[in-house]
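# Reading the structure
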Amino acid sequence: GAGVSQSPSNKVTEKGKDVELRCDPISGHTALYWYRQSLGQGLEFLIYFQGNSAPDKSGLPSDRFSAERTGGSVSTLTIQRTQQEDSAVYLCASSSQTSGSTSGANVLTFGAGSRLTVL
Amino acid sequence: AQSVSQHNHHVILSEAASLELGCNYSYGGTVNLFWYVQYPGQHLQLLLKYFSGDPLVKGIKGFEAEFIKSKFSFNLRKPSVQWSDTAEYFCAALGSARQLTFGSGTQLTVLP
């Protein structure tokens, strides 16, 4: 597609429920990132996928968070047993960068985000 | 661990005033540096980037940033701001870990 698509754009859920957030990156982009943007805070790195390499999960805040990327394209971020502190905007970004590159391919294109509200 | 610091959380300026937003990063190796902007209700967008070469980089809408390696800084500047520049500005750094690390952001409000 022309840009990074994320769904749903808004999700309201009850504490304790599981949620899935979807990201469809730009076609051909090998790198995919998930970030979390909380009110009044910056962007918190969650996870990074690069091609077929093992993902960098170092930013996931707890074992309730997981993500997968099927076929090197679409990614799903899953939050189990949601808590109120999980409320945030979850941003996905993709780029055409390859591992070790420091070229112009390192520019990330962001989606509009999925706003999660946990009641 | 790599980190990015933005010193100003909220800046309020009048139109035509000059702007400088501070950004410092902590990473000693080769680093790519970015400024992203988020206008109200819109996506994050790339404002400008530095990979190598001329340390003074120019971006869209009259913004520029200077990479000063000795100071680990990448400050954003604009000589004359407009009301339409009201937005949140994020500095970011990408090192060999391939994580794009963002600063906490600076909310710029330009008064008409």
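Scroll up to find the structure.
Along each chain, the written sequence defines residue order, and numbers are assigned to residues from 1. Ligands are numbered from 1 and chains lettered from A, in the order in which they are written. Confidence filtering applies because this is a predicted model: local features only for residues at pLDDT of at least 70, side-chain atom pairs given and counted only at 80 or more, and all residues used for totals across whole chains, interfaces and linings. For the side-chain quantities, the full set of heavy atoms in the structure was used; hydrogens and water were omitted.

## Regarding the state of the cysteines
- To count as a disulfide, a pair of cysteine sulfur atoms needs to be within 2.5 Å. Counting across every chain of the model gives 2 disulfides over all chains.
- The side chain of Cys23(A) participates in a disulfide bridge whose partner is Cys92(A); the two sulfur atoms lie 1.9 Å from each other. Sign of the S-S torsion, about -65° for the bond between Cys23(A) and Cys92(A), identifies this disulfide as left-handed. With Cys23(A) in strand β3 (residues 19-24) and Cys92(A) in strand β8 (residues 88-95), the pair connects residues that are 69 residues apart, well separated along the chain.
- The disulfide that involves Cys23(B) links it to Cys91(B), with 1.9 Å between the sulfurs. Its torsion about the S-S bond being -65°, the disulfide of Cys23(B) and Cys91(B) is classed as left-handed. Here the residue Cys23(B) occupies a position in the loop between β3 (19-21) and β4 (24-26), and Cys91(B) occupies one in strand β10 (residues 87-94), the gap between them amounting to 68 residues.
- Classification of residues uses two cut-offs on accessible area relative to the type maximum, computed with a 1.4 Å probe and protein chains only: under 20% is buried, over 50% is exposed, and between them is partly exposed. Relative accessible area serves as the criterion here: at 0%, Cys23(B) is assigned to the buried category.
- Residue Cys91(B) is classed as buried on the basis of its relative accessible area of 0%. Numbering goes from the N terminus for both helices and strands, where a helix is a DSSP run of H or I of at least four residues and a strand is a run of E of at least two.

## Details of the layout of surface pockets
- In this analysis, the protein atoms alone were mapped onto a 1 Å grid. Cavities are point sets where a 1.4 Å probe fits without being able to get out; pockets are open sets with protein on both sides within 12 Å along at least five of seven lines; lining residues have an atom within 4 Å of a point. Grid points are joined across faces, edges and corners, and a volume is the space filled by probe spheres set on the points. By volume, the largest pocket amounts to about 640 Å³.
- In terms of lining, the largest pocket is formed by 30 residues, of which the most central are Gln37(A), Leu39(A), Val89(A), Arg115(A) and Gln38(B).
- Breaking the lining of the largest pocket down by element, the ones donating at least two residues are β8 and β10 (114-118) of chain A together with β10 of chain B.
- Of the residues that constitute the lining of the largest pocket, the class distribution is 10 nonpolar, 18 polar and 2 charged. Each residue receives one of three labels: charged for Asp, Glu, Lys and Arg, nonpolar for Ala, Val, Leu, Ile, Met, Phe, Trp, Tyr, Cys and Pro, and polar for the others, Gly being one of them.

## Some remarks on the sheet that holds strand β7 (residues 75-79) of chain A
Residues and elements named next belong to chain A.
- Taken together, the 4 strands give an open sheet; going across it, the order is β1-β3-β7-β6, and neighbouring strands pair in antiparallel fashion. Whereas interior strands pair on both sides, the edge strands pair on one side only; in this sheet they are β1 (5-7) and β6 (65-69). Shown here is a sheet whose adjacent strand axes are inclined to one another by a mean of 15°, direction ignored.
- Only when DSSP finds a minimum of two bridges between them are two strands counted as paired. Across 5 bridges, β6 lies against β7 in antiparallel orientation. From the neighbouring strand, Ala67 faces β7, where its bridge partner is Leu77. The axes are straight lines fitted to the C-alpha atoms, using for helices just the contacting stretch, and the angles between their N-to-C directions are given from 0 to 180°.

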